[in-house]
Number of protein chains: 4
Amino acid sequence: MNKSYLNFRTDMADERIDIYKRVHNLSEIDGVIVKSTDIDNVKVTTVDITNENGEKALSKKMGTYITIESLNIEYLSEDEKQILISKVAEQIKLLVKDDHKSIMVVGLGNMYVTPDALGPKVVKYLDITRHLLKFAKEYVDINTREVSAISPGVLGTTGIETSEIIESVTKKVKPDIVIVIDSLASQSVHRVGKSIQLSNMGIVPGAGVKNKRVGINQDTLKIPVIAIGVPTVVDMATITNEAIDKLLENSKKEIDKFNNENINDKHSNSIFSLLNEDNRYSMIANTLDAENYIVTPKEIDEIIDKMSEVLASSINSISRI
Amino acid sequence: MNKSYLNFRTDMADERIDIYKRVHNLSEIDGVIVKSTDIDNVKVTTVDITNENGEKALSKKMGTYITIESLNIEYLSEDEKQILISKVAEQIKLLVKDDHKSIMVVGLGNMYVTPDALGPKVVKYLDITRHLLKFAKEYVDINTREVSAISPGVLGTTGIETSEIIESVTKKVKPDIVIVIDSLASQSVHRVGKSIQLSNMGIVPGAGVKNKRVGINQDTLKIPVIAIGVPTVVDMATITNEAIDKLLENSKKEIDKFNNENINDKHSNSIFSLLNEDNRYSMIANTLDAENYIVTPKEIDEIIDKMSEVLASSINSISRI
Amino acid sequence: MNKSYLNFRTDMADERIDIYKRVHNLSEIDGVIVKSTDIDNVKVTTVDITNENGEKALSKKMGTYITIESLNIEYLSEDEKQILISKVAEQIKLLVKDDHKSIMVVGLGNMYVTPDALGPKVVKYLDITRHLLKFAKEYVDINTREVSAISPGVLGTTGIETSEIIESVTKKVKPDIVIVIDSLASQSVHRVGKSIQLSNMGIVPGAGVKNKRVGINQDTLKIPVIAIGVPTVVDMATITNEAIDKLLENSKKEIDKFNNENINDKHSNSIFSLLNEDNRYSMIANTLDAENYIVTPKEIDEIIDKMSEVLASSINSISRI
Amino acid sequence: MNKSYLNFRTDMADERIDIYKRVHNLSEIDGVIVKSTDIDNVKVTTVDITNENGEKALSKKMGTYITIESLNIEYLSEDEKQILISKVAEQIKLLVKDDHKSIMVVGLGNMYVTPDALGPKVVKYLDITRHLLKFAKEYVDINTREVSAISPGVLGTTGIETSEIIESVTKKVKPDIVIVIDSLASQSVHRVGKSIQLSNMGIVPGAGVKNKRVGINQDTLKIPVIAIGVPTVVDMATITNEAIDKLLENSKKEIDKFNNENINDKHSNSIFSLLNEDNRYSMIANTLDAENYIVTPKEIDEIIDKMSEVLASSINSISRI
């Protein structure tokens, strides 16, 4: 049993479950409840981690983790887009309660770096109501939820930890709940432009293109935090790794045969160390200066535009209580 | 003597001096010191208001107000641009002292509205050092000043008073001094793309395209605040007003003659009420819904780009103590 | 009768009719047929000029001129936007015949100048099919109309007359019909963001922000040309003029009275020359260097975005024959 | 001798020479002259292919191929940038002769896809003179070269072959020489943001992110064509390939040893087929749908901005004869 498989390199709860089950040869995990629907080409997978065993198994805190998968967002028709928006809104509604009368949306990321601009772009399209409720109450529907929003920038362009800015501003504005939007680095090219993750557990630090050292969650902000994460890039080491996996799979028979026949051959073992997944990832990451490069679909500019619109419309649709 | 002339509609200290002197027929104002240089096509006018009389005369608080005027920024050669940068840097250096070891730059304005995007664009081009000094001190020159920056957005897109965001973040980051960048509404089309104002007195609320109710200055932030303001738009009522002024001037002789001959004519007086500057401005502003429209030079996109570069380069040049 | 009123300064056929009728005290004009509908807050006015008398009366060539007016486009709901799109599509369908099997869309304007970027932005959102029909016919519906598009830029950024580029490319591509999109200078602030003009007579040279010397129409391109024009700016002289009109209207009674009583007064006549609409416009235009400035609504960035989407969606909806 | 090594996958003349020499164990190639300078951190390599042997050896037509390499463009100081500009200008001057009195610059690429926007962005920053020489000759220096420019878009957004648009417009404008700017797919991540290629042989079809079927060169346009190409992306298959190369190199000793000891082992040979460069590239390209993804440095937005400025300034500096 190769324990190191459990150094998950994916942040997706559903993928972690698959890996854990495979490695431990289980069909279910105690403390992990998975539900899934697939209607109108939108697949929604909800993972609830309900006890410490579940936490340990998936190396994720107790909470709800939702993955919404659609067809390529850049090819959706207007109607399909509206369906996706309503599905995302439905899931957000499950996490934002009616007594969360004021929301602050935080658009993380660097608006000048295309695949990292998702957060700020969502903020751009939001229907902001806080100032209206404060200064022009008579013009606003009585059931309007208070919505405010900020785009705090990234450490490299502000010099300030993003979590510090958010903490300062939430202390002042005192929203009932925070929705954090961020772009993520995916483990697979096939997630980009097709999936949206939601969670009530905040943003896991260190994920994505950026270096975010401090978590943005209920522990740090003292109010509930919903995270909406969208894979927009694939890191270069991951993709190289994935390519080698597939190459190896294609040559699997020969390798199996070879391994059987040369089981004790010292040299071949040393060669195949490079084919071993555990060592390989860090070898690749070191060899290339992988962290300085990003892999995106060619249509990334369009994907970011459309995804921002979908997320903003979804959030706008809960603006009445 | 028409007292109402002193309802200055200009925010430029130098223009207020001209008006005050003219109205009161003075050659100097007690408590107001003006110095001016004009070298290499860059004119620098420094107004120091030094006592209460100066304060009253100009309706501005004691402090230093600097206006830098250049040729049209979109036509400057590379060399002329470098000269302008060095002149602006020189003036900033007079306001930022050596013991201001940490600066926070605040780029006011809405980055999605071309003539209001100046502040956020300056922030984009800044050399940020705070995080390097904190996390990678060994790679940074020992004399590096700590520079951080935020673009807080505008009330309409955040729902939060800009001053509240700035106050929260400065409390956390604790810079020695804040530099606020903002676009201004000019009183004259001939200022746009040609002038930069600096002051150590913060931002005067209500100026510019936006509604900023709360001042951003030493009183509210409890640390020194330098304001850099750049005229990028002219409000529509002002321009209409200015046009009528010029039309009238062109017809001045006839009008003078007329006035002399019809001095007691009730009807003509009532007509000319519309030509009277005091009533006219508000009549125009009411007639047109002037506040919803902006006047800019055709080249505003380019002006904003170049002006941002000039300001950012100027601030970057003081990044060593 | 003031003949000079007929130096129309508006390009809108419906406005010219109003002026002509008023000046000549007519209720109908021979050779001019006007139809108008106003449903779902979208008003469609169709002016057909059917003979030489109509041509002379309106100083416009025989042809169809359509004005579509909606509420402020930046405040339309998703549903209202869809209604507007369908109405615009309906009017385009009346001008593009079924046997126009191939369309070339030309997006005029400078994409780097916000209010002039409409044409290029429409092109960005179009469903282009010409290359698919040529290189991947098997993947395309059999009734797909051939759509190609170019954004030829403006004289100032290409050094080439826009009409020359269009002529060269249409000669090569040989579309059955050309649709030209352009931003216009409106005579009234109240048209901007609210109206769309269509015509089968091409683009009237010299209109709008730009200097377009050569017409883009059936005469020059030898194929039918549909022009879609959207007011995005108001020229500064016009707005000043309009402001003075309103000021005068507000003071109308006094002026009427005054005129009655001073009818032969030489001086007052000379004063009022400045209030006379004919002289005044050119006086204003000369006084201000008005052509270097533009007036736009504050929300112009958003108006251009939404208007581009509406026009592109309308054109996309006729992409099947 | 592995002949297939000569299926060069690099478009860089200097890299092809290295490969050819290595494979054929030569120190010089008949018909290929290489000169190189490296001053002020800018390396200029000029490859002249002078006869048919040179053509065959490098699979490139007779002509001049220049590679300019600098430090990372996003970290150049203002002074270093000016040096780079002057070096690029110097090389352009060697290709554009004094009797080329009129230049047309063609900015290839899709301005809405960040790494493909280089061409259009260069055009944006050019000093255009053709219209001035035509309509305002009195305001222009007598030695001004005629400069015009177009950004023809890409097949996917116009539906028209780019070469068709260029051909049509050059026939009309009749420039003496065309300069084509394009972004390229590099074979190595280490070229992106650091190198510029020039050639008097036009654009090699099929290179880069786009599918350009028809060449843009003297054969097709009937006038001299200078191509300026800048690597802005790395294709995913290349990068994976490069990663495996490096991994293998790191494990070289073991593999060499292994190969020596198991020289006739059937199975090991079949395994190592996956490590063989020739098969591997196409295996990778097939396994991943590599052509839909791009690899860029994280700073690609900034690289494109700075590179456009460098190229435009270089071209602007030859605008006088």
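Small disclaimer: the values here were computed from a predicted structure and weren't measured.

**Considerations on the overall build of chain A**
Within chain A, the secondary structure is distributed over 13 helices and nine strands. Taken across its 321 residues, chain A has 57% of its residues classed as buried. Put simply, 71% of the contacts in chain A that link residues at least 6 apart link residues at least 24 apart. For chain A, the exposed area adds up to about 13800 Å²; of that, 48% sits on carbon and sulfur atoms.

**Points about the relation of the copies chain C and chain A**
You can overlay chain C on chain A at an RMSD of 0.1 Å; the transform is a turn of 180° with a shift of 0.0 Å along its axis. Taken together, the turn and the small shift mark the pair as related by a two-fold rotation axis. When C-alpha distances to the rotation axis are compared across chain C, the minimum falls at C:E78, with a value of 5.6 Å. Interface residue correspondence from chain C to chain A reaches 100%, placing this contact among same-surface, isologous pairings.

**Let's talk about unusual backbone geometry**
In this model, B:S59 sits at a positive phi of 50°, which is unusual for a non-glycine residue. On the secondary structure map, B:S59 appears in the loop between α2 (52-58) and β3 (63-69). A positive phi angle, close to 65°, is found at D:N41, a residue other than glycine. Residue D:N41 is classed as partly exposed on the basis of its relative accessible area, which comes to 48%.

**Some words on helix α4 (residues 118-125) of chain A**
The complete set of buried residues in α4(A) reads A:L118, A:G119, A:P120, A:V122 and A:V123. Those residues of α4(A) that are buried lie in contact with β4 (102-107), β5 (146-150), β6 (177-186), β8 (225-235) and α13 (300-316) of chain A together with α6 (155-158) of chain B.

**Remarks on the environment of B:A89**
All names here are of chain B. Relative to the elements of secondary structure, A89 occurs in helix α3 (residues 78-95). Overall, the relative accessible area of 4% leaves A89 in the buried class. Taking the C-alpha atoms as reference, A89 lies 6.4 Å from I315; in sequence the two are 226 residues apart. Residues contacting A89, with those up to four places away along its chain left out, are S314, S317 and I318.

**Comments concerning the packing of α3(B) against helix α13 (residues 300-316) of chain B**
Residue and element names in this part refer to chain B. Viewed as axis vectors pointing N to C, α3 and α13 meet at an angle of 50°, and their least axial separation amounts to 8 Å. Relative to α13, the element α3 is oriented oblique. Crossing angle aside, the handedness with which α3 passes α13 is right-handed. For the pair α3 and α13, contact is made by K81, L84, I85, V88, A89 and I92 and by E309, V310, L311, S313, S314 and I315, respectively.

**Quick notes on the interface of chain C and chain A**
Contact with chain C, which involves four residues of that partner, is made by four residues of chain A. Interface area for chain C against chain A, summed over the two sides, is near 190 Å², with a carbon-plus-sulfur share of 20%. At the boundary of chain C and chain A, one finds zero salt bridges. Between the two partners, chain C and chain A, sit zero residue pairs in polar contact (both at pLDDT 80 or more).

**Remarks on the confidence of the model for chain A**
Residue and element names in this part refer to chain A. Here chain A averages 84 in pLDDT, and 80% of its residues register 70 or above. Below pLDDT 50 for its whole length, residues 205-212 participates in 21 contacts with residues either more than four positions away or in separate chains. Here residues 265-271 is a poorly scored stretch, pLDDT under 50, and it has 13 contacts once near neighbours within four places are set aside; other chains count. Taken over the whole predicted complex, pTM reads 0.85, whereas the ipTM for its chain interfaces reads 0.85.

**Description of the pairing of strand β7 (residues 195-199) of chain B**
All names here are of chain B. Most of β7 sits inside the fold, with five of its five residues counted as buried. What you see with β7 is no split at all: S195, Q197 and S199 on one side and I196 and L198 on the other are buried throughout. Here β3 runs beside β7; their pairing, made up of five bridges, is antiparallel. Residue Y65 lies in a different strand from β7, and its bridge partner there is S199.

**Concerning the pairing of strand β2 (residues 42-49) of chain D**
Residues and elements named next belong to chain D. The buried fraction of β2 is high, at seven of eight residues. Two elements, strand β1 (residues 32-39) and β2, share eight bridges in a ladder whose sense is antiparallel. Paired with D38 across the two strands is K43, which belongs to β2. Across seven bridges, β2 lies against strand β3 (residues 63-69) in antiparallel orientation. Paired with D48 across the bridge in β3 is T64.

**Quick notes on the side chain of D:T158**
In this fold, D:T158 is placed in helix α6 (residues 155-158). If we skip the residues at most four places from it in the chain, D:T158 touches C:I128, C:S148, C:A149, D:P152, D:G153 and D:I165.

**Observations regarding the environment of C:S188**
Residues and elements named next belong to chain C. Inspection of the secondary structure puts S188 in the loop between β6 (177-186) and β7 (195-199). Sequence spacing of S188 and I128 is 60 residues, and the spatial spacing of their C-alpha atoms is 34 Å. Excluding its chain neighbours within four sequence positions, the residues that come into contact with S188 are V234 and E242.

**Regarding the pattern of salt bridges**
Pairs may arise between side chains of opposite charge once their charged atoms sit close together. All names here are of chain A. Inspection of every chain in the model, using the stated rule, returns 46 salt bridges over all chains. For E302, the salt bridge is made with K306, and the minimal N-O distance between the two is 3.4 Å. Placement of both E302 and K306 in helix α13 is noted, with a separation of four residues, approximately one turn of the helix. Classification of K306 by relative accessible area gives partly exposed; the value is 24%.

**Remarks on the side chain of B:T114**
If you trace the backbone, B:T114 turns up in the loop between β4 (102-107) and α4 (118-125). Apart from the residues lying within four places of it in its own chain, the contact partners of B:T114 are B:I300, B:D301, B:I304, C:T114 and C:D301.

**As for the environment of A:A117**
Relative to the elements of secondary structure, A:A117 occurs in the loop between β4 and α4. Residues within four places of A:A117 in sequence aside, it is in contact with A:N110, A:M111 and A:I304.

**Here we look at helix α3 (residues 78-95) of chain A**
Compared with an ideal rise of 1.5 Å per residue, which puts 18 residues at 26 Å, α3(A) spans 26 Å between its outermost C-alpha atoms and is within 8% of the ideal. By the burial criterion, the buried members of α3(A) are A:K81, A:L84, A:I85, A:K87, A:V88, A:A89, A:Q91, A:I92 and A:L95.

Rules behind the numbers
- Residues numbered from 1 in each chain as written.
- Chains lettered and ligands numbered in written order.
- Predicted model: local features only at pLDDT ≥ 70, side-chain atom pairs only at ≥ 80, totals over all residues.
- Heavy atoms only, no water.
- Helix = DSSP H or I, 4+ residues; strand = E, 2+ residues; numbered from the N terminus.
- Buried < 20%, exposed > 50% of the residue type's maximum accessible area, 1.4 Å probe, protein only.
- Contact = heavy atoms within 4.5 Å.
- Areas by Shrake-Rupley, 256 points an atom, 1.4 Å probe, with all protein chains shown as cover.
- Least-squares fit on C-alpha atoms with pLDDT ≥ 70 in both.
- Axes fitted to C-alpha atoms, helices over the stretch in contact; angles between N-to-C directions.
- Parallel < 35°, antiparallel > 145°, perpendicular 65-115°, else oblique.
- Left-handed = near helix turned anticlockwise from the far one by under 90°.
- Buried area = accessible area lost by both parts, 1.4 Å probe.
- Salt bridge = Lys/Arg side-chain N within 4 Å of Asp/Glu carboxyl O.
- Polar contact = N/O pair within 3.5 Å; in protein donor to acceptor, adjacent residues only side chain to side chain.
- pLDDT = per-residue confidence, 0-100.
- Pairing = 2+ DSSP bridges.
- Expected span 1.5 Å × (residues − 1).

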